[in-house]
Amino acid sequence: MDTLYWLDQIQPSERNWVGDKAFYLALLLQRGHPIVPGFVIPAQVFREFLEKINWLEPLFADLPNSSLHVDVDNGRQLQAIAQQIRQAIEGTPIPDAWLDCITDAIAPWSNSVLMLRPSVALQSGMNPMLSNRTTGILETQVCGVERVAIATHLKRIWAELFRAKSLLHWQRSGIQIQDINLAVLVQPLKSAIASGDVQTTAEQLDIRATWGLGKALVTGEVVPDVYQVQRQTGLVQTHRLGSKSYGYRMANAPGEINQAELRLAPDSDGYLQPYLLAPDQQTQYALSDRQLEELIHLAQQAMSDIGSLSHLEWMIYAEPDAEPDSDPALYLTQIVPLLTSPASNRSGAAASLVPEPMPPPFAPTKRSPELAQSLTTYPTFRGLAASRGGMFGRAWVVTDMQTPPNHIPAGVVLVAPTITPAWATALRHLTGVITEQGGITSHGAILSRELGIPAVVGVVKATHHLHTGNAVFVDGDRGIVYRLDEATVGPSEAADVIADFPPPTALEPRLSGSSLPSAEPWSSFGPTATRLLINLSHESLLARAAELPVDGVGLLRSEILLRDILDRYAAKPDGLLNHRAELTEHLVQHIQSFAHSFAPRPVFYRSLDLRSHEMAAAPGQDILPETNPTLGMHGTLSYRFQPALFEAELVALRRVQQGYSNIHLLLPFVRTVEEFHFCRDRVVQAGLTQNPEFQLWIMAEVPSVVFLLPDYVDAGVQGISIGSNDLTQLLLAVDRDHPQLASAFDQRHPAVLRAIQQLIQTSLQLGIPCSICGEAPSQYPELVESLVRWGITAISVDIDAVAQTHRAIARAERSLLLNAVRQTILPDDHPNDHP
């Protein structure tokens, strides 16, 4: 290793070797911004290390220069190749001379913990935005200053490049391994007082803050404080106190640690220690007014110097040699440009760090200057952030909801008035979703989240402002849609520009990175008493979802399973009911797949809940339009008037039951005990109760169930699943699909929480299990602690919320145990001994 690259000395010509994250921090540091000092282990070192490995497989012998094309659709081959390469990297020693160089560099820091950040640059001419899309692909490592620790974690970052999900990401993005320069930024880590991030848009700064190091924020263990700030003026428009019970600091950080905190296990490597926040600290904002003002000014200046909207990360800590009464220092720890453009760069000495040419990420250098200038500003349209992630694509606008879903091309961004279950099969092949109607608990939002497709709902007049063929970017994290300005560019040139966008990662469910959790997050928590289930309806997700360490499927939506067969009878006047044998066979095949994949774990099949406004376009369905569909003919009430479909479902379940005993029935939208009686009689007639393991549950989403649950149990209900989405809208009289009422649709409202608490505690008294399968635990992880404390037996969430929910359950259960220990050990007359 010839040299290390220090942040205060990095030059424009060295950008490819230090990576974009390190490069932009260097730019800000040399501009005078507060940046934690550090150095970069350049990408050349990684390439040299790969050349030193004694590869047993000839395929990998020329790995640094090889395209390494892998069949990413062959899961076993992908995993096998990834494991071989990673084992070779982690098993090869780093030369002593290299470690000497690194340890000599960190010696002056007098620090016991290091932070190693991957910093990627792509070869010249490639889309620079892709180098920053490594969250969930290449993870930051925290390690000690010992040689063994440095070597282990440095190789761990290098090996991350060859994980299965990483190979999938790069290959689907059209990037070959030899095009990637992977450097590692090394910085000292200190125990932060507070930390967070800043997301910038053309109009505002979205600031998040929490106590301690940022791990609790990244892993979703806390709900941060949130500020929305007018970007130009710095005026705070809104702010909301988060829910923060825990923080993270270095495991060996000085300061008093009480006995309860000693039982909170450090992270898997032992470098970070969670700690309980004092009660008064939990109710305080992590940022003081002065610190907030300083952060706003710093973010504004950083964007000015970078010349781009950006994502920033920050931390506040007390300098070890500072005066006792001095203010803690605010530092920027990361900056990621979002819409970088040379035309928007400011003049000045540090700006010369930006190499020329540096084209906008949406257009190649061959475009005309007028076009390049027009791309620096994009019209934006705001809605509700419904499904996380961001993706570019061509818009495909649908205004007639009678349009057959199979007429929508694969790989487009669908722009429509709304999304109903009838579109489920088409969604699998989309790049993004934009709707005019619907809230974050609408079916379109739920389906998009399950499939991992970025979605923004409630965009006013989206079908008017966007046109088929428009180049758009769907930001499902912030609820923003960016459109290329055709008024300036013109349709033909817009078509050229879209060709330069990164391709969709796949034309199948996008379960990579943060969308598909791995088993690793469970290693530090172990099993929980509260069962963790998943909401799952798409068979295409089944194989990978079944590998997760969850306890089963808490909600299998039948409407999704039926879409294919409903589409099949689109043109047949006799409709579906005259083809019940085929319907039954169709259901048997699909339900068996779920039962087989999860056996012996339970699968709760929710029978059909066809609502008129969602199924109006469904072929073969004789459903009259209704003024108020939510209160109309659907759920178990509809079975009494049209029992044929329900009976076909029961026949299918009975056939599946012949081979699998883990399939159970969940009845939807039960209004009265009489409706349940009707359904239970038919369940018995179908023979399902002959299997002693079979369970018949109901959805608890109509308020009447809250008051009559004992009567339902007397009638034979064996368990309930709380549907927080419908329960909220019925309790608060707020349409969950109305985007303008989104702020009033609050699943944390005291009335909703009191109803959920009563359902859970009544279930405990009656001796039946109680689950929850609505969106509340996914949207508001802080509710998990209350659910566990009240006695919930299971929580069922979408796939992308599995990891954060498991962490929340584990922490809630651990907190209950700690409280029990405190009550046992600490005398009642010493309340001040409690943390």
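Please refer to the structure placed before this passage.
Residues numbered from 1 in each chain as written. Predicted model: local features only at pLDDT ≥ 70, side-chain atom pairs only at ≥ 80, totals over all residues. Heavy atoms only, no water.

1. Considerations on helix H25 (residues 703–715)
Within an α-helix, residues lying three or four positions from one another point in the same direction, as the helix has 3.6 residues per turn.
Argument step 1. In a regular helix each residue adds 1.5 Å, so 13 residues correspond to 18 Å; H25 covers 18 Å between its end C-alpha atoms and thus fits that length.
Argument step 2. The largest bend along H25 measures about 75° and falls at leucine 709, with the proline proline 710 one to four residues further on.
Argument step 3. Every buried residue belonging to H25 is among Pro703, Val705, Val706, Leu709, Tyr712, Val713 and Ala715, and all of these are buried.
Argument step 4. Residues of H25 that are buried sit in contact with helix H24 (673–685), strand S26 (696–700), strand S27 (719–722), helix H26 (724–732) and helix H27 (750–766). (Helix = DSSP H or I, 4+ residues; strand = E, 2+ residues; numbered from the N terminus. Expected span 1.5 Å × (residues − 1). Bend = angle between axes of the 7 residues up to and from the residue. Buried < 20%, exposed > 50% of the residue type's maximum accessible area, 1.4 Å probe, protein only. Contact = heavy atoms within 4.5 Å.)

2. Observations concerning the nonpolar core
Argument step 1. Core analysis: the largest hydrophobic core is formed by 99 residues, its most contacted members being Leu536 and Leu667.
Argument step 2. Those residues in contact with leucine 536, other than ones at most four positions away along the chain, are Glu450, Leu541, Leu542, Ala545, Val553, Leu555, Leu556, Arg557, Phe594, Phe598 and Ile799.
Argument step 3. Counting residues in hydrophobic clusters, the runner-up holds 63 residues, among them Phe46, Ala149, Met250 and Met315. (Core = buried A, V, L, I, M, F, W, Y, C linked by side-chain atoms within 4.5 Å.)

3. Topic: the pairing of strand S9 (residues 236–240)
The two faces of a sheet get side chains in turn, since along a regular strand they alternate between them.
Argument step 1. Where strand S8 (residues 225–230) meets S9, 4 bridges bridge the pair, whose relative direction is antiparallel. Each residue of the ladder has a partner; that of tyrosine 227, found in S9, is histidine 239.
Argument step 2. Counting the residues in the hairpin turn of S8 and S9 gives 5 residues, including glycine 234, whose phi is positive at 75°. (Pairing = 2+ DSSP bridges.)

4. Considerations on the packing of helix H20 (residues 580–598) against helix H23 (residues 644–657)
Argument step 1. Running from N to C, H20 and H23 cross one another at 45°; their axes reach a closest spacing of 8 Å. Regarding the angle of H20 to H23, the classification is oblique. Two packed elements cross with a definite hand, and for H20 against H23 that hand is right-handed. Residues Arg580, Leu583, Thr584, Glu585, Leu587, Val588, Ile591, Gln592 and Ala595 of H20 touch H23, and the partners they reach there are Ala644, Leu645, Ala648, Glu649, Val651, Ala652, Leu653, Arg655 and Val656.
Argument step 2. Looking at the contact of H20 with H23 residue by residue, the class counts come to 12 nonpolar, 2 polar and 4 charged. (Axes fitted to C-alpha atoms, helices over the stretch in contact; angles between N-to-C directions. Parallel < 35°, antiparallel > 145°, perpendicular 65-115°, else oblique. Left-handed = near helix turned anticlockwise from the far one by under 90°. Nonpolar A, V, L, I, M, F, W, Y, C, P; charged D, E, K, R; others polar.)

5. Concerning the sheet that holds strand S3 (residues 113–122)
Argument step 1. Across the sheet, which stays open at both edges, the 5 strands sit in the order S1-S2-S5-S3-S4 with antiparallel pairing between neighbours. Looking at strand neighbours, the two that pair on one side only are strand S1 (5–6) and strand S4 (141–144), the edges of this open sheet.
Argument step 2. Alignment of S1 against strand S2 (residues 39–41), held across 2 bridges, turns out to be antiparallel. Residue pairing for S2: tyrosine 5 is matched across the bridge by valine 40.
Argument step 3. Relative to strand S5 (residues 180–188), helix H2 (residues 43–52) is tilted by about 115°, and along the sheet it contacts S1, S2 and S5.
Argument step 4. Against the sheet, helix H5 (residues 147–160) engages S2, S3, S4 and S5, with an angle of about 165° to S4.

6. Focus: the packing of H24 against H25
Describing two packed helices takes the angle between their axes plus the distance from one axis to the other.
Argument step 1. Contact geometry of H24 with H25 gives a least axis separation of 10 Å together with a crossing angle of 20°. One finds that H24 runs roughly parallel with respect to H25. Relative to H25, the crossing made by H24 is right-handed. Residues Val673, Phe676, His677 and Arg680 of H24 lie in contact with H25, whose contacting residues are Asp711, Tyr712 and Ala715.
Argument step 2. Looking at side-chain class alone, the contact of H24 with H25 contains 4 nonpolar, 1 polar and 2 charged residues.

Honestly, that's just the spatial picture; any functional story needs more than this.
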